[in-house]
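# Fold and contact review
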Amino acid sequence: MKLPAVAIAAAFAVGIAIGLSPAIAAHLSSRELVVSLFIFAALALIAAAILVWRERVWFAGFVAVACWMSLGIVGMLLSEQPQASCNVISVVQNHAIDLHSPLRWHGRLRDEPARLPWGYGYEVALSGVDYEENFLPVSGGLRLSYSAQKDAGGNEVAAPEVHAGDEITVIAAVRRPDIFRDEGAFDRRAFLASQNIDLVATLRSPELMERVSVARLSPGTLIARARRRLRDEVDTLFASRPDVAGVMRAMLLGDRSFVDRAESIDFQRTGVFHVLVVAGLHVGAIAYLLFWLGRRLRLPTVPTAATTLFLLFSYVMMVEQRAPVLRAALMAGIVLVGSVFYRRLDLLNSAGIALVILLVARPTSIMDSSFQLTFVAIACIGGVSAPWLEEHIQPYVKALRGWREVRRDTAHPPPIAQFRIDLRTAVAWLVSKVPSRHLKSAENLSVGSLWVLLRIVELVAVTLVLQIGMQPLMTVSFHRVALTAPVVNLLAVPMMGVMVPLGFAAVLSGTFFSALGRILAVPLGWMTALLIALVKYFSGLPRWSYRVPAPPQWLLIVFFCLLIIVIVALRLGSRTSLWLGRVSSASLLAVVLVIATFPFASQWQRGKMELTVLDVGQGDSLFLVSPNGKTLLIDGGGAFGGFPGRPEHLATDPGEEAVSTYLWSRGFKNIDVVAVTHGHQDHLGGLTAVLQNFKVGTLWVGREVAGTAQQKLEELANSRGVTVAHELRGEQFHWDGAEGRVLWPGAASDTGTLPPKNNDSIVMRWEFGTRAFLLPGDAEKQAERQILAENSAENLQADVLKIGHHGSKNSTTEDFLAAVHPRLAVISSGENNSYGHPSPELLARLEKAGVRTLRTDRDGAVHILTDGSDLEVTCFVPCSEAAANPASVQAHAPEN
Ligand SMILES: [Zn+2]
Ligand SMILES: [Zn+2]
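Below or above, wherever it landed, is the structure these notes cover. A quick note: this is a predicted structure, and the numbers were derived from the prediction, not measured.

### With respect to the overall build of the protein chain
Within the protein chain, the regular secondary structure consists of 30 helices and 25 strands. Its C-alpha radius of gyration of 31 Å places the protein chain within 12% of the 29 Å reference for a compact globule of 896 residues. Seen through its principal axes, the protein chain has C-alpha atoms that stretch 100 × 70 × 65 Å. Restricting the contact set of the protein chain to residue pairs at least 6 apart, pairs at least 24 apart contribute 69%. Total accessible area on the protein chain stands at roughly 43,000 Å², and carbon and sulfur atoms take up 62% of it. Taken together, the 80 basic and 78 acidic charged side chains of the protein chain have centroids lying 13 Å from each other.

### Describing helix H26 (residues 781-790)
Of the positions making up H26, those classed as buried are Ala783, Glu784 and Ile787. Down the axis of H26, the sector holding all buried residues measures 100°, keeping them to one side. Exposed positions of H26 whose direction lies more than 90 degrees from the buried face are Arg785 and Ala789. For H26, the elements touching its buried residues are strand S18 (738-744), strand S19 (763-768), helix H27 (793-796) and helix H28 (814-820).

### Observations regarding the coordination of the zinc ion (ligand 2)
Protein coordination of the zinc ion (ligand 2) is provided by His678 (NE2), His680 (ND1), Asn758 (OD1) and Asp778 (OD), with donor distances spanning 2.1 to 2.2 Å. Around the zinc ion (ligand 2) sit 4 donor atoms, and with donor-metal-donor angles ranging over 88 to 173° the site reads as irregular. Of note, the zinc ion (ligand 2) draws all its donor residues from one chain, in the sequence arrangement H-x1-H-x77-N-x19-D. The distance between the zinc ion (ligand 2) and the zinc ion (ligand 1) comes to 3.5 Å, and Asp778 binds to both of them. A relative accessible area of 2% places His678 in the buried class.

### A look at unusual backbone geometry
With omega at 0°, the peptide bond leading from Trp744 into Pro745 counts as cis. Here Pro745 is to be found in the loop between S18 and S19. With an omega of -10°, the peptide bond running from His837 to Pro838 counts as cis. For Pro838, the location among the structural elements is in the loop between strand S22 (824-827) and helix H29 (840-849). Even without being a glycine, Glu132 presents a positive backbone phi close to 45°. Note that Glu132 resides in the loop between strand S3 (119-131) and strand S4 (134-137). According to the relative accessible area criterion, Glu132 is exposed, its value standing at 62%.

### So, the packing of aromatic side chains
Overall, the coordinates contain 15 aromatic pairs when judged by the stated rule. Their ring planes at 80° and their centres at 5.7 Å tell us that Phe12 and Trp68 sit as a pair that is edge-to-face. Here the residue Phe12 occupies a position in helix H1 (residues 4-20), and Trp68 occupies one in helix H4 (residues 57-79), the gap between them amounting to 56 residues. According to the relative accessible area criterion, Phe12 is buried, its value standing at 4%.

### What to know about the coordination of the zinc ion (ligand 1)
Within the first shell, the zinc ion (ligand 1) binds the protein through Asp682 (OD), His683 (NE2), Asp778 (OD) and His806 (NE2), at distances of 2.0 to 2.1 Å. The sequence motif formed by the donor residues of the zinc ion (ligand 1) is D-H-x94-D-x27-H. Assessed through its relative accessible area of 1%, Asp778 is described here as buried. By relative accessible area, His806 is classed as buried at 1%.

### Let's talk about the sheet that holds S18
Strand order across the open sheet formed by 7 strands is S17-S18-S19-S20-S21-S22-S23, with mixed pairing between neighbours. With one partner strand each, in any of the chains shown, strand S17 (732-735) and strand S23 (852-855) form the two edges of the open sheet. Adjacent strand axes in the sheet meet at a mean angle of 15°, parallel and antiparallel pairs treated alike. Where strand S21 (residues 800-802) lies against S22, 3 bridges are found, and the strand directions are parallel. Looking across to S22, one finds that Lys802 is bridged to Val826.

### Topic: the pattern of salt bridges
Throughout the structure, instances matching the rule amount to 33 salt bridges. The partner of Glu123 in a salt bridge is Arg143, and the shortest N-O contact between them spans 2.8 Å. Placement of Glu123 in strand S3 and of Arg143 in strand S5 (residues 141-147) is noted, with a sequence separation of 20 residues between them. Overall, the relative accessible area of 28% leaves Arg143 in the partly exposed class. Residues Glu458 and Arg455 are paired through a salt bridge, measuring 2.9 Å at the closest nitrogen-oxygen approach. Of this pair, Glu458 and Arg455 both sit in helix H17 (residues 439-478), 3 residues apart, which is roughly one turn of that helix. A cluster of three or more residues bridged by salt bridges with shared partners is formed by Arg115, Asp235, Arg249 and Asp255.

### Remarks on the sheet that holds strand S12 (residues 622-625)
What the 8 strands build is an open sheet, ordered S16-S15-S14-S13-S12-S11-S24-S25; its pairing is mixed. The open sheet is flanked by strand S16 (723-726) and strand S25 (871-875), the only strands paired with a single partner. Taken over all neighbouring pairs, the strand axes of this sheet differ in orientation by 20° on average, direction set aside. As paired elements, strand S24 (residues 862-866) and S25 share 5 bridges and run antiparallel to each other. Across the sheet, the residue bridging to Ile864 is Val873, located in S25.

### Quick look at a nonpolar patch on the surface
A contiguous nonpolar surface patch, about 650 Å² in accessible area, is contributed by Val35, Ile39, Leu43, Ile46, Ile50 and Trp53. Looking at the element boundaries, Ile46 is found in helix H3 (residues 31-53).

### Here we look at the side chain of Asn489
Within the fold, Asn489 resides in helix H18 (residues 485-512). Those residues in contact with Asn489, other than ones at most four positions away along the chain, are Gly271, Val272, His274, Thr463, Gln467 and Pro494.

### Let's talk about the nonpolar core
Ranked by internal contacts, the top residues of the largest apolar core, which has 47 residues, are Phe238, Met251, Val283, Tyr315 and Leu531. Elements that contribute at least two residues to this core include exactly helix H7 (219-237), helix H8 (242-253), helix H10 (280-296), helix H11 (301-318), helix H12 (323-341), H18 and helix H19 (514-540). In terms of residues, this core owes the most to one element, H18, which gives 10 residues. Residues within four places of Val283 in sequence aside, it is in contact with Leu312, Tyr315, Val325, Ala328, Ala329 and Ala332. The next biggest cluster of nonpolar side chains, apart from the first, holds 31 residues, and it includes Val613, Leu624, Trp766 and Val800.

### Regarding the packing of H8 against H19
At their nearest, the axes of H8 and H19 sit 10 Å apart, and the two run at 95° to each other. Taken together, the axes of H8 and H19 are roughly perpendicular relative to one another. For the pair H8 and H19, contact is made by Asp243, Val244, Val247, Met248 and Met251 and by Leu524, Gly525, Thr528, Ala529, Leu531 and Ile532, respectively. Of the residues assigned to the contact of H8 with H19, the class counts are 8 nonpolar, 2 polar and 1 charged.

### As for the pairing of strand S20 (residues 771-775)
Of all 5 residues that make up S20, 5 are buried, and the element is covered over most of its length. Where S19 meets S20, 5 bridges bridge the pair, whose relative direction is antiparallel. If you follow Glu767 over to S20, its bridge partner there is Ala772. Between S19 and S20, which pair antiparallel in sequence order, lie 2 residues; one of them, Gly769, sits at a positive phi of approximately 60°. Where S20 lies against S21, 2 bridges are found, and the strand directions are parallel. Its bridge partner lying in S21, Phe773 is registered against Val800.

### Focus on helix H14 (residues 369-392)
Taking 1.5 Å of rise per residue, 24 residues should cover 34 Å, and H14 covers 33 Å from first to last C-alpha, within 8% of that figure. When the local axis directions of H14 are compared, the greatest deviation, roughly 35°, occurs at Ser385, which is followed within four positions by the proline Pro387.

Here is what the cut-offs are and how they apply
Residues numbered from 1 in each chain as written. Chains lettered and ligands numbered in written order. Predicted model: local features only at pLDDT ≥ 70, side-chain atom pairs only at ≥ 80, totals over all residues. Heavy atoms only, no water. Helix = DSSP H or I, 4+ residues; strand = E, 2+ residues; numbered from the N terminus. Rg over C-alpha atoms; globule rule 2.2 N^0.38 Å. Contact = heavy atoms within 4.5 Å. Areas by Shrake-Rupley, 256 points an atom, 1.4 Å probe, with all protein chains shown as cover. Lys, Arg positive; Asp, Glu negative; His and termini not counted. Charge placed at Lys NZ, Arg CZ, Asp CG, Glu CD. Buried < 20%, exposed > 50% of the residue type's maximum accessible area, 1.4 Å probe, protein only. Arc of directions from axis to C-beta. Donors = N, O, S within 2.8 Å, 3.2 Å for Na, K, Ca; no water. Tetrahedral: all angles 85-135°; square planar, octahedral: opposite > 155°, others 65-115°. Phe/Tyr/Trp six-rings, centres within 6.5 Å; stacked < 30°, edge-to-face > 60°. Pairing = 2+ DSSP bridges. Axes fitted to C-alpha atoms, helices over the stretch in contact; angles between N-to-C directions. Salt bridge = Lys/Arg side-chain N within 4 Å of Asp/Glu carboxyl O. Patch = residues over 30% accessible without salt bridge, like charges linked within 9 Å, V, L, I, M, F, W, Y side chains within 5 Å. Core = buried A, V, L, I, M, F, W, Y, C linked by side-chain atoms within 4.5 Å. Parallel < 35°, antiparallel > 145°, perpendicular 65-115°, else oblique. Nonpolar A, V, L, I, M, F, W, Y, C, P; charged D, E, K, R; others polar. Expected span 1.5 Å × (residues − 1). Bend = angle between axes of the 7 residues up to and from the residue.

As structure tokens, this is what we get:
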């Protein structure tokens with residue numbers, strides 16, 4: 001079987017990958033090179049044409065592949081254009097505007113206001129900004145969120161009355177999306193940029209948004225209104241069950257804002273999160289249904305295909321976050337068009353055509369994980385399960401057709417003909433006791449159930465192949481292994497096949513004849529509730545879902561090579577290739593098993609003590625590794641950016657997005673000790689995710705306090721079999737030559753009755769050789785004073801001081817600083833945080849004392865490594881001073 005489109009797509013993708021690799025790109029990024037590559041590609045194309053004409057097809061193939069590969073490099077180089085100079089991020093980076101205070105922004109609403117659980121969201125295509133009494137034209141996207149407010153009388157204040165396409169001005173303090181500058185951290189900024197969002201802001205009051213002009217009617221505004229109408233219809237139909245409405249919104253329209261965090265984690269834990277992302281499965285279900293309806297109604301093929309295509313692309317317009325739907329619709333379109341012109345276009349070839357079209361449009365999409373997942377899924381279905389089923393199951397399904405007719409046996413190959421003979425004997429024996437008037441139905445029943453069984457086998461085979469084939473990329477993107485996924489998918493996917501078309505029927509008919517919509521919504525509501533219950537049940541099974549670090553790159557390459565060998569072997573169908581197929585399938589399974597268990601060693605430096613101060617925004621998280629690899633995580637940051645009273649919709653969880661991903665990037669699955677310095681959200685919030693994601697040995701807490709958050713964390717630790725230990729003043733630890741000592745707090749008589757305070761913080765000092773680190777959590781001057789009184793200066797001195805309480809002026813007093821006498825201070829605080837941390841007073845104290853200062857809000861994660869005498873300091877971004885020689889802190893010029 002020939003797969004020209006697959007070869008072209010592969011060559012093009014390899015070209016893009018070459019253009020992407022930074023080492024090569026640095027040498028290639030010249031205009032001359034782009035031109036010469038382009039000329040080479042054109043010449044290669046001509047050469048290939050001549051070779052085909054001379055009937056040297058194989059050679060022509062090679063030349064054509066070279067042509068497409070160089071086109072891939074050209075495409076990648078061309079796509080890396082610098083940002084337009086009026087792009088708002090370039091304007092901010094050139095210091096033409098300062099984002100620290102609220103500004104008046106001008107723009108046009110991209111879409112209808114989106115209703116959110118706490119208010120409304122607005123997306124604005126920016127056109128300009130008023131800055132220092134001038135109008136500055138800027139381009140870019142701004143996402144505003146508005147939290148519904150109540151007036152003095154307790155009535156809800158109306159949200160601004162605006163619609164898609166309206167020109168507006170808005171006064172808001174905007175900021176760039178949060179970013180964690182740690183190795184492996186989730187890049188929310190890049191994620192939002194891919195949705196054309198450069199800035200985010202909160203709309204403080206409805207009066208701050210003004211409509212300048214009303215939108216004229218255009219296809220864009222009409223689509224936006226239709227989309228809003230559909231969203232509202234879903235809410236109306238399922239008004240009594242908000243959870244069902246939330247899942248339906250996600251399933252039909254791709255809007256997941258009403259699926260809360262816990263529910264979405266349940267879907268992830270059971271491997272069916274894809275149900276909530278409108279993509280291939282949804283589009284496939286709808287396309288299949290429409291096409292099937294057309295055939296049932298005996299409509300001619302061409303109009304049926306055209307109508308299906310039209311409806312599919314209208315659907316793409318209706319859905320949010322369109323990239324995956326667009327991909328799926330393009331695929332479905334190519335399959336449909338193929339089925340009109342050819343009898344049957346190979347799925348892999350259709351995918352190849354789609355891949356080339358998508359990569360020509362945007363070469364960088366090859367980096368997008370959902371893009372990769374789509375095409376790996378297609379390779380698994382089209383390249384592995386389809387040919388396997390064709391060989392092993394389909395002949396039997398076909399054999400059941402007209403099974404009574406002996407004359408048709410000869411049309412089948414001998415083993416299948418034998419199967420039909422056996423089938424007739426078996427059925428005759430089975431129904432021999434049945435009275436003759438029921439004979440026919442008994443026969444149909446037994447053969448029918450065999451047919452159902454074969455279909456189930458097909459479904460199981462497809463599901464298993466998909467789960468195994470997708471696991472490596474799922475591990476890279478989501479770090480999750482969901483062992484229940486095959487079972488839950490087997491139940492959920494057929495349900496979806498019914499729910500998605502039924503959902504559209506309900507919502508569409510509901511907008512025109514509300515009674516019909518309500519009738520259709522009844523079974524739909526039951527099915528959705530059943531799906532939610534199933535997912536919740538399987539998610540509740542302990543140990544069936546766990547998190548792992550991403551596999552090493554070479555193993556992924558091995559996996560994909562094996563997958564290609566399996567696909568090729570299945571296609572060739574000869575005796576040698578059968579053997580090759582078996583060996584490579586077995587190796588493929590072994591590789592997936594290795595990826596799912598991650599038996600690799602974690603990365604740390606033997607013989608050195610390490611301290612990493614992670615960037616978790618406004619909060620603390622420190623990671624300490626002993627010279628023999630014993631690990632201590634102190635605090636885990638805490639979620640921020642959420643909405644008051646809506647803890648289930650917290651926006652950003654650094655425990656998941658920064659701390660866990662950082663530890664995975666170094667290959668850690670276990671942590672010996674997790675310590676929580678005190679019960680404040682910015683320290684313990686992220687530890688929930690850490691306790692869930694890692695195998696933790698012990699949880700250290702200081703004093704018992706009356707905070708529910710700390711109690712919940714201890715309950716979680718207990719439920720996961722983690723020992724909880726109270727570590728108080730005087731405790732000592734000997735970890736492979738590193739000596740740890742707890743300086744604070746002492747036991748209090750009022751234990752467990754007072755809310756958590758900064759001065760409860762566990763203060764630790766770690767020493768290795770002649771070097772020491774002092775880690776005081778959020779301790780303030782009262783605690784510092786006590787610590788000073790109780791310890792000699794020798795016991796307090798430290799080379800590295802993690803500055804207390806994020807650099808607040810009430811910590812790190814002059815006396816304390818003099819006693820510790822650090823060479824390096826590290827401040828952990830969030831970029832542009834609302835507390836004004838670090839305070840100018842503290843920075844002045846550090847400068848006066850001549851201490852080199854690094855800050856997570858500017859330098860990202862700060863890594864400090866000592867062999868007992870030297871200190872090596874590196875940062876995630878080049879450290880803000882002494883950048884020329886980051887390996888040493890000998891010279892410590894004070895910071896400006
Ligand atoms: Zn704090
Ligand atoms: Zn605190």
